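Residue strings, one per chain:
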Amino acid sequence: MRDRKGGFGNSPGCDQAACPVEFTLDVIGGKWKGVLLYHMMEEKKRFSEFRRICPGITQRMLTLQLRELEEDGVVHREVYQQVPPKVEYSLTEFGRTLIPIIRLMKDWGEEYQNKQLSKESCPVESL
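Residues numbered from 1 in each chain as written. Predicted model: local features only at pLDDT ≥ 70, side-chain atom pairs only at ≥ 80, totals over all residues. Heavy atoms only, no water.

An unreviewed UniProt entry lists the chain under the name ArsR family transcriptional regulator, from Paenibacillus jilunlii.

Listed below in structure tokens is the structure:
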């Protein structure tokens, strides 16, 4: 297990040093991890596929995010001994337990996006 960032301190109602939500966000939080996990829900992905799916992520950041997910036991990295090298990423059994959470995040995001789009199409006139 990798070192945790921590920093939220003691949470009211939690007997532990940090609330379990903090641990969850440490694993799946950030700009890219949720997106990477979403795209691995149905099938394994190669590094180059992630680069196409997420053109805004740098190669270094993609590597770091996948490495952290692997260290947390959420993602499995399979290296094939061939030329050119082939590496595939997939969810572990433990990682698959996040699928319901990721699907709920997707549903919430779609609902929020629709609300925002409806606000833009029907702006309130200013006085």
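And the narrative resumes.
Draft legend 1. Looking closely at the overall build of the chain. Across its full length, the chain holds six helices and three strands. Seen in sequence order, the chain has helices and strands lined up from the N terminus as α-α-β-α-α-β-β-α-α. Among the 127 residues that make up the chain, the fraction classed as buried is 26%. Pairs at least 24 residues apart make up 48% of the contacts formed inside the chain by residues separated by at least 6 positions. Only carbon and sulfur atoms are counted for the fraction: they give 56% of the accessible area of the chain, which is about 9,300 Å². (Helix = DSSP H or I, 4+ residues; strand = E, 2+ residues; numbered from the N terminus. Buried < 20%, exposed > 50% of the residue type's maximum accessible area, 1.4 Å probe, protein only. Contact = heavy atoms within 4.5 Å. Areas by Shrake-Rupley, 256 points an atom, 1.4 Å probe, with all protein chains shown as cover.)

Draft legend 2. Main features of the packing of aromatic side chains. For the structure on display, the rule yields two aromatic pairs. Here the aromatic rings of Trp-108 and Tyr-112 are separated by 5.2 Å at their centres, their planes lie at 5°, and the arrangement is stacked. Linking Trp-108 with Tyr-112, this pair stays in helix α6 (residues 99–121), spanning four residues, or about one helical turn. Of the residues examined, Tyr-112 reaches a relative accessible area of 42% and is grouped as partly exposed. (Phe/Tyr/Trp six-rings, centres within 6.5 Å; stacked < 30°, edge-to-face > 60°.)

Draft legend 3. View of the pattern of salt bridges. Inspection of the entire model under this criterion finds six salt bridges. Note that Glu-88 is salt-bridged to Lys-44, the shortest N-O span being 3.7 Å. Remark: Lys-44 occurs in the loop between α2 (33–40) and β1 (45–46) and Glu-88 occurs in strand β3 (residues 86–91); sequence separation between them is 44 residues. A salt bridge links Glu-88 to Lys-86; its shortest N-O distance comes to 3.7 Å. Through salt bridges with shared partners, a single network forms among Lys-44, Lys-86 and Glu-88. (Salt bridge = Lys/Arg side-chain N within 4 Å of Asp/Glu carboxyl O.)

Draft legend 4. Just the sheet that holds β3, in detail. Spatially, the three strands line up as an open sheet ordered β1-β3-β2, and their pairing is antiparallel. Taken across any chain shown, the strands that pair with only one partner, and hence form the sheet edges, are β1 and β2 (75–80). Sheet analysis places β2 next to β3, joined by six bridges and oriented antiparallel. By the bridge assignment, Val-79 is partnered in β3 with Val-87. Its contacts with the sheet place α2 against β1, β2 and β3, and it is angled at close to 95° to β3. (Pairing = 2+ DSSP bridges. Axes fitted to C-alpha atoms, helices over the stretch in contact; angles between N-to-C directions.)

Draft legend 5. Focus on the nonpolar core. Membership of the largest hydrophobic core comes to 21 residues, with the highest contact counts inside it found for Leu-36, Leu-37, Met-40, Val-74, Val-75 and Leu-91. For this core, the secondary structure elements donating two or more residues are α1 (20–28), α2, α4 (59–71), β3 and α6. Discounting residues that sit within four places of it in the chain, Leu-37 has contacts with Ile-28, Leu-69, Val-74, Val-75, Leu-91, Leu-98 and Ile-102. (Core = buried A, V, L, I, M, F, W, Y, C linked by side-chain atoms within 4.5 Å.)

Draft legend 6. Inspection of the pairing of β3 at higher detail. Where β1 lies against β3, two bridges are found, and the strand directions are antiparallel. Bridge pairing links Lys-45 to Tyr-89 in β3. As consecutive antiparallel partners, β2 and β3 are separated by five residues.

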